[in-house]
Amino acid sequence: MPNFLEVNHLKVWDKSSGEVILHDSSFKVNAESCLAVVGESGSGKSVTCRAIMRLNKPWVSQSGEILLHGENLSFLSDKEMRQKRGKTMYLIMQHGMSAFDPSTVVGVHLYETLKQHFGWNKHEAAGHMSIAMKSVMLKEPMEIMNKYPHQLSGGMLQRIMIALALVLEPDLIIADEPTTALDTISQYEVLEQFLQLRERLGCSMIFVSHDLGMVRKLADEVLVMKNGVIVEQGSTESIFTAAKHEYTRYLVSTKQTLNDHFKSVMGGQGVAKR
Amino acid sequence: MYKYMIKRFLISIPLLLIISFLTFVLIHLSPLDPAEVVLQAQGVPVITEELMVQTKQELGLDQPFLIRYLAWFASCLQLDFGDSYVTGQPVWSLLAPAFLNTVKLTMVSALLIIVLSIVLGVVCALREGKMTDKTVRGISFFVTAMPSYALAAILIWLFSVKLDLLPTSGMNSLSSYILPVIVIAVSYAGLYFRIIRSSMLNNLNENYVMYGRACGLPEHKITKTILRNSLQVAVSVFCMAVPIILGSTVVVENMFAWPGLGSLSVKSILSRDFPMIQAYVLVLATAFVLFNTVSDMINAAINPKLREGL
Amino acid sequence: MKMWKNMLQDKLALLSFSIISLVMVTGLFAPFIAPHDPYEVHMVLRYAGSSWTYWLGNDHLGRCILSRLIYGIRPSILWVFAALAVSVGIGAMLGFIAGYFRGKIDALLMRICDVMLSFPGTVMTLAIVGILGVGLENILTAFILMKWAWFARVIRTAVLQYSESDYVKFSKAIGVKPFKIIYRHIVPVTLSDIAVTASSSFGSMILQISGFSFLGLGIQAPHAEWGMMLNEARGVMFSRPEFMVAPALSIMIVVSAIHFFSDYLQVALNPKLRTSKHKAGDFAGTTTPRLQEKEVA
């Protein structure tokens, strides 16, 4: 199977302080497969995602090769890159609550994006969005599109982002901790949507998460990061059963003990923990 | 929305009552006896005990405190602030035209401040760290450190004396507005453009900007979004600026002999014209509170999140 | 202290601080530094230009401008500083009480602050001066009355933030007396917020005071004050504009220095702003590579 996305010797550093945020990192994502990136916060997961999209802050520099379909993204002009974003590669953000322009209704962002990539007018865009939104269990899509971000819940906004992915049909979806900011029930629902998303679009996916339970359900391969270094990568099964690196084993065991503890306390019931 | 407006308006009423009470009390904290002041102001050569008693009666000063307050408050509601100790004319007949002149000056200045700060703020934010940004910020630094009367003096010296282009003082034609408005606008715009600039820069780091870019939206659309969000902050700042300027045109008015509240208040203070001072404080404090109320309402209209807060 | 070390590296901050301290010390020791008696009238020397005896020349009564400038530091800067210190002191005390004890005291104090802050500052200062009479001490009284509420507000917010921290909770739990906690744990950390707020108010207060003096509402003749010196020079503004230069420049230099220094303090004392480009929380994890179990779960 050909490698769909190949990242070679990616290095990210802070220009002003010279601090290296991501050390020499290389990994691959196969076509139609899902790579999970796990690690504690600050380990460089989000920076990696943004580096692939070339969306890091202006004071952050990156070097190395990012090959998408064999095309090196580092060589693209800003304009070419802009055309790739959204249509070819799509980012689902961690905080649905802050991902949409707070001063307008969420629909505006959706219409503008679709107009940009497909040239649709508002009516066409609304039509496509409605179908997609219904399929991610958002009832009354027209009403939702006329609401301000703060009037919707984090889970709903996360699902709107997923619905937009369904319409854009990108080749690569990068989901940066899409469920972290959600309560347990919404987390479960959003995870379901992700499973369906993969099934329907057949796209590749990079899924960043703290939640090893989700990773196990969704991912084919796992990448473990610590302090800006990739400490281990391998198939999901091998990571969970036969981790080589001490840190990976630590992560897996912490998850296990916490899970057991949680279950014993809650009697197996999920609880909202906003 | 209407519910919010009514609520917000009701909150300002007790505040206005407190202000009126404090204004009334203030006058009675004075070390001088009002009767004495009146007699002095009227140029009575020898103030006798009998004259004092008589004047006190005339002024109603022999009544109990609370009754005097209520009577004063009732007449204030009808815009009757009493007579000036100095000229004997009704206070309102002197105050009203001055107030109007100050409002005119304030409005024109506020307009210029808004335009200047938005333009400078946006330009500096988009050119952060570049030459334009540094120059504008540098100049603003020194301008805000300059006392406004010094700036006024420089401008008068340059444009009125040396170049003989603009009138030095008074309020005779439209050109009389130019210098005072510039002095007020420059010192405030120097502060406010920084607010817009930093708010633009803050928004630049927001998640929605990243998501917009991740969706492939063009930069000009993203800039527009940032501007719209930054202006929300700016609106509240500008709304607050109007009452602040209204109350602090004193120096500029005196410098340019502008026939407004500022000139009038200093004159009254120097001649200890208590009813005048009282009316001045009451009118401006009321305007201040009302402007704040209105600015909160405008804010709520623009920012839907605030509306639900109250 | 790290702050001082940083300042030595930041030349602009160092310069600002030197200017401020130099001016204040000069004002404090004015009688020893001023070359002449600031009240000594020489009608012969009216409007004289600068000379070896009178470096900055003489004013409309032939008094030494330099000496008047030096004596003028006292009302223009030192007394303003004193008023600032008093209102910060009142504000801090009430802010600490409100922020630490919360509850009814907090609610009451904050309502009072709301009322105080809903008065327009300049107008109320004018009102107080109008009633108590013109004079520096009345303006300073007015300043203290009008400004404490603002400081109380800011300091309360800072205290709230820190009194929720774990070490304060711990101290409370082991039964340390409230005032000891405030003194030992809260005062030191809120000091930076206080310094930033106070320093940024200082500049505007100096400008305001000089404005009132310029209007003739502040200190009375023959005392020297920068704003009043400008007022005196105003009479000959058209014929001899150069007489406005010395006092106007003095005010500008001092206020600029205070602004610069206050900006510096804000950055130096606020670790979040020190790397100003990094918004808080952006890479918040990089400095604490500690496994946070809460997040991994």
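Residues numbered from 1 in each chain as written. Chains lettered and ligands numbered in written order. Predicted model: local features only at pLDDT ≥ 70, side-chain atom pairs only at ≥ 80, totals over all residues. Heavy atoms only, no water.

### Some details on the overall build of chain A
For the record, the criterion: Secondary structure is summarised from DSSP: a helix means a run of H or I of at least four residues, a strand means a run of E of at least two, and numbering begins at the N terminus for each. For this measure, only C-alpha atoms enter the radius of gyration; the expected value for a globule follows 2.2 Å times N^0.38, where N is the number of residues. Here the term buried applies to any residue with accessible area under 20% of the maximum for its type, exposed to any over 50%, and partly exposed to those in between, with areas from a 1.4 Å probe on protein chains only. Pairs of residues are marked as contacts when any of their non-hydrogen atoms sit within 4.5 Å. Only the protein chains shown count as covering a residue, and every accessible area follows the Shrake-Rupley method with a 1.4 Å probe. Residues scored as positive are Lys and Arg, those scored as negative are Asp and Glu, and His as well as the terminal groups of each chain are ignored. Charged side chains are reduced to one point each, which is NZ for Lys, CZ for Arg, CG for Asp and CD for Glu.
Within chain A one finds 11 helices and 10 strands. On C-alpha atoms alone, chain A measures out to a radius of gyration of 19 Å, which is about the 19 Å that the 2.2 N^0.38 rule sets for 274 residues. Based on the C-alpha atoms only, the size of chain A along its principal axes is roughly 55 × 55 × 40 Å. Across the 274 residues in chain A, those meeting the buried criterion constitute 54%. Taking contacts inside chain A between residues at least 6 apart in sequence as the whole, the part at least 24 apart equals 69%. When the accessible surface of chain A is totalled, it reaches about 11900 Å², and 51% of it is carbon and sulfur. Both charge centroids of chain A, one from 29 positive and one from 30 negative side chains, sit 3 Å from each other.

### A short note on the sheet that holds strand β6 (residues 89–92) of chain A
All names here are of chain A. The condition that has to hold: In this description, strands pair whenever DSSP reports at least two bridges between them. Between N-to-C directions, angles span 0 to 180 degrees; the directions come from axes that are lines fitted to C-alpha atoms, helices contributing only their stretch in contact.
Here we have 6 strands laid out as an open sheet, ordered β6-β7-β8-β3-β9-β10, and mixed in their pairing. The sheet is open, and its two edges are formed by β6 and β10 (229–235), each paired on a single side. In this sheet, adjacent strand axes meet at a mean angle of 15 degrees when their direction is disregarded. Where strand β3 (residues 34–38) and strand β8 (residues 204–208) come together, 4 bridges link them in parallel fashion. Paired with Val37 across the bridge in β8 is Val208.

### Quick notes on the confidence of the model for chain B
Stated formally: Think of pLDDT as the predictor's per-residue confidence, scored from 0 to 100.
Residue-level pLDDT values for chain B average 83, and 97% of them are 70 or greater. For this predicted complex, the interface score ipTM comes out at 0.84, alongside a pTM of 0.77.

### Here we look at the confidence of the model for chain A
Summary statistics for chain A give a mean pLDDT of 84 and a share of 92% for residues scoring 70 or more. Contacts of residues 268–274 of chain A to residues separated by more than four positions or lying in other chains number 11 contacts, the stretch itself having pLDDT below 50.

### Re the UniProt feature "domain: ABC transmembrane type-1" (unreviewed entry) in chain B
Our working definition: UniProt positions are given in the numbering used here, feature names are shortened, and annotations may be inferred rather than shown by experiment.
As annotated by UniProt and renumbered to match this structure, "domain: ABC transmembrane type-1" (unreviewed entry) occupies residues 99–295 of chain B. Secondary structure over residues 99–295 of chain B splits into 83% helix and 0% strand, and the C-alpha atoms at its two ends are 20 Å apart.

### Focus: the packing of aromatic side chains
Here is the rule: For Phe, Tyr and Trp, where Trp contributes only its six-membered ring, two rings pair if their centres lie within 6.5 Å, and the inter-plane angle classes them as stacked under 30 degrees, edge-to-face over 60, or tilted in between. Sitting over a ring, as applied to charges here, requires NZ of Lys or CZ of Arg to be within 6 Å of the ring centre and within 35 degrees of the ring normal.
Applying the stated rule across the entire model yields 21 aromatic pairs over all chains. Site record: aromatic cluster; members linked through ring pairs are Phe21, Phe24, Tyr69, Trp72 and Phe73 of chain B. Its guanidinium or amino end placed over the ring of Trp13 of chain A, Lys11 of chain A lies 5.2 Å from that ring's centre, counting from NZ or CZ. Of note, Lys147 of chain C hangs over the ring of Phe143 of chain C, and the distance from its end group to the ring centre comes to 5.5 Å.

### Comments concerning the UniProt feature "domain: ABC transporter" (unreviewed entry) in chain A
The feature "domain: ABC transporter" (unreviewed entry), as annotated in UniProt, sits at residues 7–252 of chain A in this numbering. Overall, residues 7–252 of chain A shows 44% helix and 25% strand. The separation of its end C-alpha atoms is 26 Å.

### Notes on the pattern of salt bridges
The cut-off we apply is this: When a carboxyl oxygen of Asp or Glu lies within 4 Å of a side-chain nitrogen of Lys or Arg, that pair is called a salt bridge.
Evaluation of the coordinates by the stated rule reveals 16 salt bridges over all chains. When the shortest N-O distance is used, the salt bridge between Arg198 of chain A and Asp220 of chain A registers 3.0 Å. Taken as a pair, Arg198 of chain A in helix α8 (residues 184–201) and Asp220 of chain A in the loop between α9 (212–218) and β9 (221–226) lie far apart in primary sequence, 22 residues in all. In this structure Arg198 of chain A comes out as buried when scored by relative accessible area, which is 17%. Looking at Asp220 of chain A, the relative accessible area reads 34%, which means it is partly exposed. Within the structure, one salt-bridge network assembled from shared partners comprises Asp133, Arg137 and Arg197 of chain B.

### Concerning the pairing of strand β7 (residues 172–176) of chain A
All names here are of chain A. By the criterion of burial, β7 is predominantly enclosed, with 5 of the 5 residues buried. Burial along β7 is two-sided: the residues Leu172, Ile174 and Asp176 and Ile173 and Ala175 are all buried. When β7 meets β8, the two strands line up parallel, connected through 5 bridges. Each bridged residue has a counterpart across the sheet, and for Leu172 the counterpart in β8 is Ser204.

### Section: the environment of Asn203 of chain B
All names here are of chain B. Formally: Pairing of N or O atoms within 3.5 Å defines a polar contact, subject to two protein rules: one partner must be a possible hydrogen donor and the other a possible acceptor, and residues neighboring in sequence count only if both atoms are side-chain atoms.
Turning to its location among the elements, Asn203 is positioned in helix α8 (residues 175–204). The exposure class of Asn203 is buried, given its relative accessible area of 11%. Each residue touching Asn203, except ones within four places of it in the same chain, is listed here: Tyr208, Val209, Ile226, Asn229 and Ser230. Polar contacts involving the side chain of Asn203 include one to the side chain of Tyr208, which spans 2.8 Å.

### Things to note about the environment of Ile139 of chain B
Residue and element names in this part refer to chain B. Here Ile139 shows up in helix α6 (residues 131–145). What makes Ile139 exposed here is its relative accessible area of 52%. Put simply, Ile139 and Thr87 are 52 residues apart on the chain and 46 Å apart in space, counted from C-alpha to C-alpha.

### Side note on the packing of helix α1 (residues 2–28) of chain B against helix α13 (residues 274–302) of chain B
Working note: a packed helix pair is described by the angle between its axes plus the distance between those axes. All names here are of chain B. Defined as follows: An angle below 35 degrees is read as roughly parallel, one above 145 as roughly antiparallel, one from 65 to 115 as roughly perpendicular, and any other as oblique. In a left-handed crossing the near helix is turned counterclockwise from the far helix by less than a right angle, and in a right-handed crossing that turn is clockwise. Each residue receives one of three labels: charged for Asp, Glu, Lys and Arg, nonpolar for Ala, Val, Leu, Ile, Met, Phe, Trp, Tyr, Cys and Pro, and polar for the others, Gly being one of them.
Across the interface, α1 lies against α13 with an axial gap of 10 Å and an inter-helix angle of 165 degrees. By the angle class used here, α1 and α13 are roughly antiparallel. Considering the relative orientation of α1 and α13, their crossing is right-handed. Across the contact of α1 with α13, the residue classes break down as 16 nonpolar, 7 polar and 2 charged.

### Examining the interface of chain B and chain C
Worth spelling out the cut-off: Computed with a 1.4 Å rolling probe, the buried area is the accessible surface lost when two parts are put together, summed over both parts.
Contact residues are listed per partner, giving 45 residues for chain B and 41 residues for chain C. Overall, the association of chain B and chain C removes approximately 3600 Å² of surface from exposure, summing both partners, and the carbon and sulfur fraction of that is 78%. Contact with chain C buries surface across chain B, with Phe141, Tyr149 and Ile269 of chain B losing the most and accounting together for 18% of the total. Here chain B and chain C share 3 residue pairs in polar contact (both at pLDDT 80 or more) between them. Put simply, the parts of the chain that give the side of chain B that touches chain C at least two residues each are α1, α6, α7 (148–162), α8, α11 (250–255), α12 (261–270) and α13 of chain B. At 8 residues, the largest contribution of residues to the side of chain B that touches chain C is made by α13 of chain B. Of the residues in the side of chain B that touches chain C, the class split is 33 nonpolar, 9 polar and 3 charged.

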